[in-house]
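Residue-level listing of the chains:
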Amino acid sequence: MIFIKKYSNTINFIIFTMLFSGGFYPAEKVFALTGREIMEKVNARDEGDRSKGEMEMILIDKKGKKRIRKLKTFGGKKDKDTLSLMFFLSPADVKNTGFLTYDYNESGKDDDQWLYLPALRKTKRIAAGDKSGSFMGSDLNYSDMTTPDLDLYDYTLMKETEVRGKKVWQIKAVPKHKDEAVKSGYSKSVIFIRQDNYVMIRAVRWVHKKRRNKYLDVKKLEKIDGIWVSTEMHVTTKTGKKTLHKTVLKQNNIRFNQDDVNADLFTVRRLEKGA
Amino acid sequence: MSRRGKNNQTGSTLHFCSNKALMLQSFFSSIRSFILVTTLLIWVPVIGAPDIVLAQETSDFAGMEEALSGFDEEDSGIEDALSGFDEEKNIKHTEETKALFEKEDWSSFYGYTGISLSYSFVREPPEDNSNSDWSGLTKTRPFFSLTWDTKLGNNWKSRISAKAFYDFAYGLKERDTFTSEVLNELEKEAELREVYLEGSPFGSLDIRLGSQIVAWGTADSLRVVDVLNPTDNREYGMTDLEDVRIPLPMTRLDYYFGDFKLQAVAIHQIKFNKSAPPGSDYNSTTTEIKEVIPESKAENTEYGLALSGTFSGWDASFHWAQFFDDEAYLLIADMTFVPGIGFVPTLEYRHSRLTMSGIALSITSGNYIWKAEAANFWGMEFNNVKEKKFTRTEILFGTEYSGWSDTSLSIESGVRHLNDFDHRLEAEPDYQLEDRIATTLNFMQDYYNQTLHLQLFGMMIGEWGEDGGLNRASLEYDVMDAFSVNGGVMIYQPGDSLYFQSLNDNDRIFFEARYSF
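The structure reproduced in this document is the subject of the present report. Predicted, not measured: the structure shown is a model, and the values here were computed from it.

What counts, and at which threshold
- Residues numbered from 1 in each chain as written.
- Chains lettered and ligands numbered in written order.
- Predicted model: local features only at pLDDT ≥ 70, side-chain atom pairs only at ≥ 80, totals over all residues.
- Heavy atoms only, no water.
- Pairing = 2+ DSSP bridges.
- Helix = DSSP H or I, 4+ residues; strand = E, 2+ residues; numbered from the N terminus.
- Core = buried A, V, L, I, M, F, W, Y, C linked by side-chain atoms within 4.5 Å.
- Buried < 20%, exposed > 50% of the residue type's maximum accessible area, 1.4 Å probe, protein only.
- Contact = heavy atoms within 4.5 Å.
- Buried area = accessible area lost by both parts, 1.4 Å probe.
- Salt bridge = Lys/Arg side-chain N within 4 Å of Asp/Glu carboxyl O.
- Polar contact = N/O pair within 3.5 Å; in protein donor to acceptor, adjacent residues only side chain to side chain.
- Nonpolar A, V, L, I, M, F, W, Y, C, P; charged D, E, K, R; others polar.
- Arc of directions from axis to C-beta.
- Phe/Tyr/Trp six-rings, centres within 6.5 Å; stacked < 30°, edge-to-face > 60°.
- Patch = residues over 30% accessible without salt bridge, like charges linked within 9 Å, V, L, I, M, F, W, Y side chains within 5 Å.
- Areas by Shrake-Rupley, 256 points an atom, 1.4 Å probe, with all protein chains shown as cover.
- Lys, Arg positive; Asp, Glu negative; His and termini not counted.

### Remarks on the sheet that holds strand β13 (residues 329–338) of chain B
Backbone hydrogen bonds are what pair the strands of a sheet, in a parallel or an antiparallel way.
Residue and element names in this part refer to chain B.
Line of reasoning, step 1. One open sheet holds the three strands; their spatial order is β10-β14-β13, and the pairing between them is mixed. Looking at strand neighbours, the two that pair on one side only are β10 (290–291) and β13, the edges of this open sheet.
Line of reasoning, step 2. Pairing of β10 with strand β14 (residues 342–350) involves two bridges; the strand directions are parallel. Bridged to Lys290 within β14 is Glu348.

Take a look at the structure:
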C-alpha cells in the first residue's frame, strides 16, 4: 500500500508531510499559513484514485552493493480509507509475494494488513501496530507507508526557502507523545513543501534513539492525469555525513482512474491470485 | 521482518509430534533444557546487540521525555542535518525499469537450486563397517526446483512445478551398508509437485483442478484444522516449510460473497505423511512394517468444506473435513507361533477414516496477533480397544508480537485430548496418552536492512517438556539478490518419549546455499 500511495500522488511525500501536523507557535505568526495549515492542505491535495503502476526499489549498501526489488502496485479509496495492493515481481525468492493494506482514516484504528506467502500457500494477517521496522529492507519503514494522524504531531513552520529553484515551506514536525515516536521510529522531522503544488519534495527524519538521519529527496516530480507524482525519490540513511544505506524508489507507468482497479481488487481473493 | 516473502519461519510444520512407531510416554523433565536453551538462544543475541531489542526498548522508555523535550535546543543541529542531502545525479535505472515492466509474458519459468549439507556431531562412526554410518556428514544434497506458470487468457492459468535432489552423502560412505529403503527414500528423489489448472468461470467462483496444496488455519508451527495435505516428516524439524506439505490431486471450488468465502474440496488420491525409512537416522527400527493404504477410488474420496470471513481486525473460519488420518495406528493383524520364541505379532499401519469439524480465529490488537484453533475429530481406531471408535479434541492458542523493529516473537501452545479415554490404550502397540501438549516458541530478527536473518525456534512436548522437544537456531545471509546462505544448529531434547530419545543422537549443524531464478 505504501507504494501505491507513493505513486498515486507522491504518497510517500504526503505521508511524510502528514506526519507533521502543527500547533500555533509565535514564530509562525509572521507567515500567512501555519505549519498545521500547510500540512492540512498537503493532506487535502488530490491524490488520485484507482491507480496502478510499477515500482522499482534499488537498495544500495555502504559498499555500493545493490539489491533490486520490482513490484506491481494498485491503489484506491473506499470512503476516506486508503486501500493498496502490491505484488513482488523480483527478486525470484520473493516473486508472487503479495501485500494488502487497508489504511483507515479513523483515528486510533489500526490498519488491516495481510501478507500472502507463496511458499506457504497461505495468507497471514499482520499486526500493524509497530511501524518502525524496515519495509522490505529499504530505508523506508512502515510508518512511511501509512497515513499518520495529524493530531499526533506538532508542526512548526520554520521558514520559507528554495529547493532547486522552487519556493518551499520548511516545517518541523515533532510527535506529541513518546508512544508515537516509538511506533513510527522517528523522533522528529523537517520537511520541505513546495508552495506551488503542496508536494513534499524533501524531508529529513531523525531516527528515534539512534544517531541516524534519513534523507528523503524527490528527484523527479511529474504531473500525471492532473496529479503530482514523485516518480523518483532517494532515501538515504546517514550517521553524520557518512552514508549507511540508500534506497532509490522509481515509479513507472502510473495511471489513475483505471476501470479494473475497483473494490474487488483489494481483497484476499485477489491477493492470493498474484500479479 | 515478518513481512518477508520467503520462508524464514520454523523450517518444519509440527503436528503435535506424533510418531507412527514409537509412542511410549513417561516423565522426564526436559523443560529446563528447553527453556534454558531457548531463552539463551533468544536473549544472548538480543543482549549482545545494542542496536536491537533491549537497547531500543530500555533506552526508549528511559530517555524519551528528555529526547522530546530537547528538540528546541537541537534546532542549531537541524541546519547541520539539512546540509546532508546528496547532490548526486540520478541513478540510471529508469530505462531499464521501463523495459522490464512493459514486458508481461503469458508464460514464466522460475525456481531455485542449491546445495544442502548437514553434519551430525553426536553420533560416532560404527565400529563394525558393515553397519550404516550416520556420523559426520549426513547430507550432501544438491537440489533443483522449477515452476512453470502460464496465463491462459484473462481468467485462467496453470502451474506445473517439480523438484529433485541427489544426495552424495551415501556414496561418500559405505553405500552398501544403507538399507534399500533408505537409499530409495533419501538418496534421490524427483517428483512433480503442484500441477493444476485454475480459473474463474463465473464472477464469484474460482475453480482449481489438479495437484495442489490447501493450507487451513491460522497457526504457523502447530496444526489443528490444517488436515488436508500430508507432510514430509522424514527429517523431523529439518524440512523447509516450503516443502513440508505434500500436494494432492484435488478439485477445489471457492465461492466468494461479501466478506466471506465458501470453499469445497474433494481429494482424489490417498497419500499419507512421508516418514523416515527404517534404518535411517530418524527411524532406528530395522524392520519395515506394512502400511495399508486405502485405494484411491470414489468411495474413499476425502472431502473438505471451509467458510471463512475476513473482517476489520479479525478473521474467522469454520472447517469440516472427512479424511483418512495421516498418522497411522499400529494394528496387530496376526499372531504367529514361533517355536522357542512364542507368539510373534504381525503389525500393520492402518489409517482411520476421520471426520473433523473445527474453527480458526485470528485477531489483531496493536502489536499482537492472537490466534486460536479448535477441532473435534471422530472415528479414531486403536488396536487395544476395537469395540469402539474414539473422539479427539484439539485446542490451540497462540500469539505473535511484532512491537520491536524488524523482530517477531511468537508462541503457540496446543493440547490434544482423547475423549472417553480407555487406559488399555496406554499399552503397546497403541502407546496413547489421554492428553498430549505441545508448545513452540519462535523468534525472528533481521539486521542490516534485512540482509541478515536470525531465527530461533524451540518446541517442547508435554506440559513441561517431559516428552521431549527440539531447539533450532539459524542465521541466513542474503549474499546478493536471490542468493542466500543459511546455517545453523539443531538440538533434540530426548525427554521420556521413545521417539525423541531415538532422535537424541541426531543433533546436527546444517548449511544451505540457495540461488533463486
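### Overview of the nonpolar core
Line of reasoning, step 1. Ranked by internal contacts, the top residues of the largest apolar core, which has 53 residues, are Ile38, Ile171, Phe192 and Ile193 of chain A.
Line of reasoning, step 2. Setting aside its immediate chain neighbours within four residues, Phe192 of chain A contacts Thr161, Val163, Val168, Trp169, Gln170, Val199, Met200, Ile201, Arg202 and Ala203 of chain A together with Leu82 and Phe85 of chain B.
Line of reasoning, step 3. One finds Trp216, Ala219, Val225 and Leu425 of chain B within the second-largest nonpolar core, a separate group that totals 43 residues.

### Considering the interface of chain B and chain A
Line of reasoning, step 1. Opposite the 98 residues of chain B that make contact, chain A presents 93 residues.
Line of reasoning, step 2. Note on chain B versus chain A: buried area summed over both sides is about 7,600 Å², and carbon and sulfur give 49% of it.
Line of reasoning, step 3. Seen at the junction of chain B and chain A, the total is seven salt bridges.
Line of reasoning, step 4. Between Lys124 of chain A and Glu400 of chain B there is a salt bridge, with the nearest N and O atoms lying 3.4 Å from each other.
Line of reasoning, step 5. In this structure, the connection of chain B to chain A is made through 31 residue pairs in polar contact (both at pLDDT 80 or more).
Line of reasoning, step 6. The dominant element in the side of chain B that touches chain A, judged by the number of residues it contributes, is helix α2 (residues 53–69) of chain B, at eight residues.
Line of reasoning, step 7. Considered class by class, the residues forming the side of chain B that touches chain A number 29 nonpolar, 34 polar and 35 charged.

### With respect to helix α3 (residues 35–44) of chain A
For an α-helix the count is 3.6 residues per turn, leaving residues at separations of three or four pointing the same way.
Line of reasoning, step 1. Those residues of α3 of chain A that sit buried are Gly35, Arg36, Ile38, Met39 and Val42 of chain A. Burial along α3 of chain A is one-sided: seen end-on, the buried residues are contained in an arc of 160 degrees.

### Examining the pairing of strand β22 (residues 483–493) of chain B
All names here are of chain B.
Line of reasoning, step 1. The pairing of strand β21 (residues 469–480) with β22 spans eleven bridges and is classified as antiparallel. Looking at the pairing, Leu475 lines up with Gly487 of β22.
Line of reasoning, step 2. Strand direction decides the pairing type here: β22 and strand β23 (residues 508–516), joined by eight bridges, are antiparallel. Considered in β23, the bridge of Asn486 is made with Glu512.

### Focus: the packing of aromatic side chains
Line of reasoning, step 1. A full pass over the atoms with the stated rule returns 31 aromatic pairs over all chains.
Line of reasoning, step 2. Judged by centre distance (5.2 Å) and plane angle (80 degrees), the ring pair of Phe135 of chain A and Tyr142 of chain A falls under edge-to-face.
Line of reasoning, step 3. Take Phe135 of chain A: its relative accessible area is 0%, and that puts it in the buried class.
Line of reasoning, step 4. Between Tyr236 of chain B and Phe500 of chain B, the aromatic rings sit 5.8 Å apart at their centres with planes inclined by 85 degrees, giving edge-to-face as the arrangement. One end of the pair, Tyr236 of chain B, is in the loop between β6 (232–233) and α6 (241–244); the other, Phe500 of chain B, is in helix α7 (residues 498–503), with 264 residues separating them in the sequence. The exposure classification of Tyr236 of chain B matches that of Phe500 of chain B, with both residues buried.

### Details of a nonpolar patch on the surface
Residues and elements named next belong to chain B.
Line of reasoning, step 1. On the surface, Trp106, Phe109, Phe144, Leu146, Trp148, Leu152, Ile160, Leu192, Val195, Leu197, Tyr515 and Phe517 cluster together into a nonpolar patch covering about 1,100 Å² of accessible area.
Line of reasoning, step 2. Ranked by the residues each element gives to the nonpolar patch, the list is headed by strand β2 (residues 136–152), at four residues.
Line of reasoning, step 3. Inspection of the secondary structure puts Leu152 in strand β2.

### Focus: the environment of Leu33 of chain A
Residue and element names in this part refer to chain A.
Line of reasoning, step 1. In this fold, Leu33 is placed in the loop between α2 (11–18) and α3.
Line of reasoning, step 2. Once the C-alpha coordinates of Leu33 and Glu160 are considered, the two residues, 127 residues apart in sequence, prove to be 11 Å apart.
Line of reasoning, step 3. Those residues in contact with Leu33 that lie beyond four places of it in its chain are Ile38, Lys41, Leu157, Trp169 and Tyr198.

### Focus on the pattern of salt bridges
Line of reasoning, step 1. Applying the stated criterion across every chain, the model contains 52 salt bridges over all chains.
Line of reasoning, step 2. In this structure, Asp151 of chain A engages Arg36 of chain A in a salt bridge whose closest nitrogen and oxygen atoms are separated by 3.0 Å. Taken as a pair, Asp151 of chain A in the loop between β6 (122–126) and β7 (153–163) and Arg36 of chain A in helix α3 lie far apart in primary sequence, 115 residues in all.
Line of reasoning, step 3. Arg36 of chain A gets classed as buried once you look at its relative accessible area, which sits at 17%.
Line of reasoning, step 4. Salt bridges sharing common partners tie together Glu185, Glu189, Glu191, Arg193, Asp232, Arg234 and Lys274 of chain B.

### Examining the side chain of Glu412 of chain B
Residues and elements named next belong to chain B.
Line of reasoning, step 1. Mapped onto the elements, Glu412 comes out in strand β18 (residues 407–418).
Line of reasoning, step 2. In this structure, Glu412 is buried with no salt-bridge partner, the nearest side chain bearing the opposite charge being Lys371 at 4.1 Å.
Line of reasoning, step 3. A distance of 2.7 Å separates a polar atom in the side chain of Glu412 from the backbone nitrogen of Asp220.
Line of reasoning, step 4. Of the polar contacts made by the side chain of Glu412, one reaches the backbone nitrogen of Ser221; its length is 3.0 Å.

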